[in-house]
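Descriptive structure summary
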There are 2 protein chains.
Amino acid sequence: MVAPKTINIAVIGAGGVGSCFLEQLAWLAKNQPIHISLCYLATIDGALYHPDYSELNIETALSTLEKAPSPLPSIPETIDYLAGTPHKVILVDNTSATSLAEAYPQFLAKGINIITPNKKAFSGSYQLWQEIFGAAKLSGALIYHESSVGAGMPIISTVKDLVQTGDEVTKIEGVFSGTMSYLFNTFAPPSGQGGGKWSEIVLKAKELGFTEPDPRDDLNGLDVARKLTILGRLSGLPIESPSSFPVQSLIPRELESTANSQEFLTKLPEFDSRMEEQKALAEKEGKVVRYVGSVDMATKAVKVGMEWFDPDHPIATLKGSDNIISFYTKRYGDMPLTICGAGAGGPVTAMGVTGDLLKILYQLG
Amino acid sequence: MVAPKTINIAVIGAGGVGSCFLEQLAWLAKNQPIHISLCYLATIDGALYHPDYSELNIETALSTLEKAPSPLPSIPETIDYLAGTPHKVILVDNTSATSLAEAYPQFLAKGINIITPNKKAFSGSYQLWQEIFGAAKLSGALIYHESSVGAGMPIISTVKDLVQTGDEVTKIEGVFSGTMSYLFNTFAPPSGQGGGKWSEIVLKAKELGFTEPDPRDDLNGLDVARKLTILGRLSGLPIESPSSFPVQSLIPRELESTANSQEFLTKLPEFDSRMEEQKALAEKEGKVVRYVGSVDMATKAVKVGMEWFDPDHPIATLKGSDNIISFYTKRYGDMPLTICGAGAGGPVTAMGVTGDLLKILYQLG
């Protein structure tokens, strides 16, 4: 009997997504034939690894690290360490760090495969995008990032499948932020009934944990712009950066320089009438207002902001904090391929990462 | 420079899906680095291949075959021929033949990888299912069938990802037939307005090409039952066969023995009042009637038939002939992961096949 092939795994980050991923990794190690050997775990506190790459216990590694962390190696040291393994190796970046994302080309050039939910690398400058995929092509290393858009939903894999089988994406449109989804579904329900004051809904969303710690990080639209940048580039548009197209911020201009989120939230009620007006304008035309992003391939127009929809449109009838993403393509014609569901949360985001891991294992194993 | 790796492809079937697939294959051969060598093409008219496996021209193979077909080899002869190639080989079965489907275990046992939109193999007896996946496991050959449910939409890959990453499917529910979708969306629109006579809508659907040549093949519910069988099995239920659970046929009992579709369609108007009654009963409760399939993992209940939905439910608001499939899982909680779009048609069905081909190429290449 042949011993199962060993693939080394290095994991950086053990926050909300990272800790769920470690649980899923422990399960996966027992439930498929390839020998997954965790050789490196790093958090903000430090790292856990052995110079001889000997296997860490996936289930106890995090608590072992927390008790006695080694100093965190620099990025070049991490690359050297991983490039020296006798086995094929996959780096799983479960952080949202820009510094690590910017080093992907160096990891890939050394043959280190990468999986990440981190949007930063793919929504930074177009030059970084080219360097990442250029390095991967040259070395043959793989890089997967399903969870960078729509968490565990098959969004990235779908747009790649469409393009790689020769279909032409004509338009992508959707609600890409769970926060924006909750805010607008609550503020302007399709029935026209209910709703409430915008600032109170923002406050409630924060209390429910549906926003970033600072809700301004959702309301500025940048998160949505980053996701559109990724999908647009995968569809073939060389988008320069998430700030190279119009993004409508829902932070009132007068509050852009508020010192902290507390001050922002205290002053936000003064501007409720502006959102009320947007809602009323849409209602007058029999529509509801939603915060959407879209990429139009024919006109090369990418935009993020408020738009109006018929009350029975799938974007208008979205529930809770769900995301919805529609792909209009040459093959699908007028009726898009649409995917909706939870686009955030530890377990489903980690699932996208674990699914990518399986895909790479099948190719390396 | 290393010569690109060669993978041999054998294609059986060149009907609506098969001819679209050949077009996509020609495109794919030029647009990815692995050398795809078509070595065998067969239709109902005969076959085209060379004893030395030399490459056929993808773009002209079909017309060459039609002009001068060789006799169609038997299935055992085809297996022997393909098993003898010096390269790795993929059989693409674009037929809906049961005989070929039943031979998959023999192909797989010889290391021949398989891709197919053909539902028959996966929705036949549970014994055949076990033989197929048992043979694949033993030989290491791969078998992919994305287009067997929902055409090019990522349905099979999603349920596999959910299960293989350790999530638990609790329920799958949806509209799995483009024909049933069109019939019910037209007959009982969510607005309550419009509609029309059931038999006239069936006739219109046939004229539009939305039904099988004999509409009874859609109305008996077997196509939906086959898809449910596949998804239930992938989720972990050992479903014996598509006839081992309740399937509601929309063929009136009195018309079950009609000699042909013409006679059936002529007599169908006599039974319009029955469907009208179903619609009225739902409307009385503020609901709309739809033809759905569902798998409930907790109770192991699989069923196919008419059910009632709120008019703003995504199943009720479905448009045209779209399919919709919702996955309820432990990780996704109360809000399902939902995919909707065209679930039939040559180009999108072929796209699911081509997408599978890419996945296998990445693993073999």
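Residues numbered from 1 in each chain as written. Chains lettered and ligands numbered in written order. Predicted model: local features only at pLDDT ≥ 70, side-chain atom pairs only at ≥ 80, totals over all residues. Heavy atoms only, no water.

Helix and strand content of chain A: 14 helices and eleven strands. Here the C-alpha coordinates of chain A stretch approximately 70 × 50 × 35 Å along the principal axes. For chain A, the proportion of its 365 residues judged to be buried stands at 56%. A fraction of 68% describes how many contacts in chain A between residues 6 or more apart in sequence connect residues 24 or more apart. Entry remark: accessible area of chain A is about 15,100 Å², with carbon and sulfur atoms responsible for 53%. (Helix = DSSP H or I, 4+ residues; strand = E, 2+ residues; numbered from the N terminus. Buried < 20%, exposed > 50% of the residue type's maximum accessible area, 1.4 Å probe, protein only. Contact = heavy atoms within 4.5 Å. Areas by Shrake-Rupley, 256 points an atom, 1.4 Å probe, with all protein chains shown as cover.)

Note on placement: I315 of chain A falls in the loop between β9 (301-309) and β10 (323-329). The class for I315 of chain A is buried, based on a relative accessible area of 2%.

This part is about the UniProt feature "binding site: NADP(+)" (unreviewed entry) in chain A. Residues and elements named next belong to chain A. In the UniProt entry, the feature "binding site: NADP(+)" (unreviewed entry) is given for G13, A14, G15, G16, V17 and G18. Looking at the secondary structure, you find A14 in the loop between β1 (6-12) and α1 (16-30). Exposure remark for A14: the relative accessible area of 25% places this residue in the partly exposed category. Discounting residues that sit within four places of it in the chain, A14 has contacts with S19, L22, T43 and L62. With respect to the helices and strands, G16 occurs in helix α1. (UniProt positions renumbered as here; feature names shortened; annotations may be inferred.)

With that out of the way, let us pick up the UniProt feature "binding site: L-homoserine" (unreviewed entry) in chain A. All names here are of chain A. Per the UniProt record, "binding site: L-homoserine" (unreviewed entry) is annotated on E212. Relative to the assigned elements, E212 resides in the loop between α9 (198-207) and α10 (216-219). Exposure remark for E212: the relative accessible area of 41% places this residue in the partly exposed category. Not counting residues within four places of it along the chain, the set of residues in contact with E212 comprises D217 and D218.

Applying the stated criterion to the full structure yields 22 salt bridges over all chains. Note that D214 of chain B is salt-bridged to R216 of chain B, the shortest N-O span being 2.7 Å. Among the charged side chains, a salt-bridge network with shared partners connects K119, D223 and K227 of chain A. (Salt bridge = Lys/Arg side-chain N within 4 Å of Asp/Glu carboxyl O.)

Applying the stated criterion to the full structure yields 23 aromatic pairs over all chains. Seen from their ring centres, F122 of chain A and F133 of chain A are 6.3 Å apart, and the 45 degrees between their planes marks the pair as tilted. You can see F122 of chain A sitting in the loop between β5 (113-115) and α6 (126-139) and its partner F133 of chain A sitting in helix α6, a full eleven residues away along the chain. For F122 of chain A, a relative accessible area of 0% gives the class buried. Judged by relative accessible area, F133 of chain A falls into the partly exposed class, the value being 28%. Their ring planes at 75 degrees and their centres at 5.3 Å tell us that F187 of chain A and W198 of chain A sit as a pair that is edge-to-face. Residue F187 of chain A is located in helix α8 (residues 178-187), and its partner W198 of chain A is located in helix α9; the two are separated by eleven residues in the primary sequence. The class of W198 of chain A is buried, set by a relative accessible area of 2%. What links up through ring pairs into an aromatic cluster is the set Y40, Y49, Y53 and Y81 of chain A. In this structure, K279 of chain A is placed above the aromatic ring of F187 of chain A, and the distance from its NZ or CZ to the ring centre is 4.8 Å. Across from the ring centre of Y328 of chain B, 5.5 Å away, lies the NZ or CZ of K171 of chain B, which sits over that ring. (Phe/Tyr/Trp six-rings, centres within 6.5 Å; stacked < 30°, edge-to-face > 60°. Lys NZ or Arg CZ within 6 Å of the ring centre and 35° of its normal.)

Turning next to the sheet that holds strand β8 (residues 288-296) of chain B. Spatial ordering of the open sheet is given by β9(A)-β8(A)-β7(A)-β10(A)-β11(A)-β11(B)-β10(B)-β7(B)-β8(B)-β9(B), a layout of ten strands whose pairing is antiparallel. Looking at strand neighbours, the two that pair on one side only are β9 of chain A together with β9 (301-309) of chain B, the edges of this open sheet. Within this sheet the neighbouring strands show an average axis-to-axis angle of 20 degrees, counted without direction. Of the pairings in the sheet, the one linking β8 of chain B to β9 of chain B comprises nine bridges and is antiparallel in character. For V292 of chain B, the partnering residue across the bridge sits in β9 of chain B and is G305 of chain B. Here helix α11 (residues 222-235) of chain A sits on the sheet in contact with β7 (169-175), β8 (288-296) and β9 of chain A, set at roughly 35 degrees to β8 of chain A. (Pairing = 2+ DSSP bridges. Axes fitted to C-alpha atoms, helices over the stretch in contact; angles between N-to-C directions.)

Now for the pairing of β8 of chain B. Residues and elements named next belong to chain B. Of all nine residues making up β8, eight are buried, and the element is well covered by its neighbours. Here strand β7 (residues 169-175) runs beside β8; their pairing, made up of four bridges, is antiparallel. Considered in β8, the bridge of G174 is made with G293. Counted between consecutive antiparallel strands, the loop separating β8 from β9 contains four residues, among which K300 sits at a positive phi close to 55 degrees.

A rotation about some axis, followed by a shift along it, carries one copy of the chain onto the other. Expressed as a screw transformation, the operator carrying chain B onto chain A has a rotation angle of 180 degrees and an axial translation of 0.0 Å, and the superposed copies differ by an RMSD of 0.0 Å. Each copy turns onto its partner about a two-fold axis. (Least-squares fit on C-alpha atoms with pLDDT ≥ 70 in both.)

It is worth spelling out the side chain of D322 of chain A at this point. With respect to the element layout, D322 of chain A can be found in the loop between β9 and β10. Comment: no salt bridge for buried D322 of chain A; closest opposite-charge side chain is K319 of chain A, at 8.9 Å. In contact with D322 of chain A, not counting residues within four places along its chain, are V175, S181, G341 and A342 of chain A together with M335 and P336 of chain B. (Lys, Arg positive; Asp, Glu negative; His and termini not counted.)

What follows deals with the packing of helix α8 (residues 178-187) of chain B against helix α9 (residues 198-207) of chain B. Residue and element names in this part refer to chain B. At a closest axis distance of 10 Å, the pairing of α8 and α9 adopts a crossing angle of 140 degrees. Between α8 and α9, the angle falls in the class oblique. As for the relative orientation of α8 and α9, their crossing is right-handed in sense. Residue-level inspection shows Y182, L183, F184, T186 and F187 of α8 in contact with α9, the latter providing W198, I201, V202, K204 and A205. Its residues assigned to classes, the contact of α8 with α9 shows eight nonpolar, one polar and one charged. (Parallel < 35°, antiparallel > 145°, perpendicular 65-115°, else oblique. Left-handed = near helix turned anticlockwise from the far one by under 90°. Nonpolar A, V, L, I, M, F, W, Y, C, P; charged D, E, K, R; others polar.)

Further remarks concern the interface of chain B and chain A. With 37 residues of chain B at the interface, the matching set in chain A holds 37 residues. Contact between chain B and chain A buries roughly 3,000 Å² in total, counting both sides, with carbon and sulfur atoms accounting for 62%. Summed over the three residues of chain B that lose the most area to chain A, namely R331, Y332 and M351 of chain B, the buried surface amounts to 18% of that side. The interface formed by chain B and chain A holds six residue pairs in polar contact (both at pLDDT 80 or more) in total. Those elements that provide at least two residues to the side of chain B that touches chain A are α1 (16-30), α7 (156-164), β11 (337-341) and α14 (346-364) of chain B. Of all the elements, α14 of chain B adds the most residues to the side of chain B that touches chain A, at nine residues. A breakdown of the residues in the side of chain B that touches chain A according to their chemical character gives 18 nonpolar, twelve polar and seven charged. Sheet topology note: the strand β11 (residues 337-341) of chain A/β11 of chain B ladder contains three bridges and is antiparallel. Opposite I339 of chain A, over in β11 of chain B, you have I339 of chain B as the bridge partner. (Buried area = accessible area lost by both parts, 1.4 Å probe. Polar contact = N/O pair within 3.5 Å; in protein donor to acceptor, adjacent residues only side chain to side chain.)

Let us now look at unusual backbone geometry. Unusually for a residue other than glycine, Y53 of chain A sits at a positive phi of about 65 degrees. With respect to the helices and strands, Y53 of chain A occurs in the loop between β3 (46-49) and α2 (61-67). The exposure class assigned to Y53 of chain A is buried, which follows from its relative accessible area of 15%. In this structure, K300 of chain B takes a positive phi of about 55 degrees despite not being glycine. Looking at where K300 of chain B falls in the secondary structure, it is placed in the loop between β8 and β9. When its relative accessible area of 61% is taken as the criterion, K300 of chain B is described as exposed.

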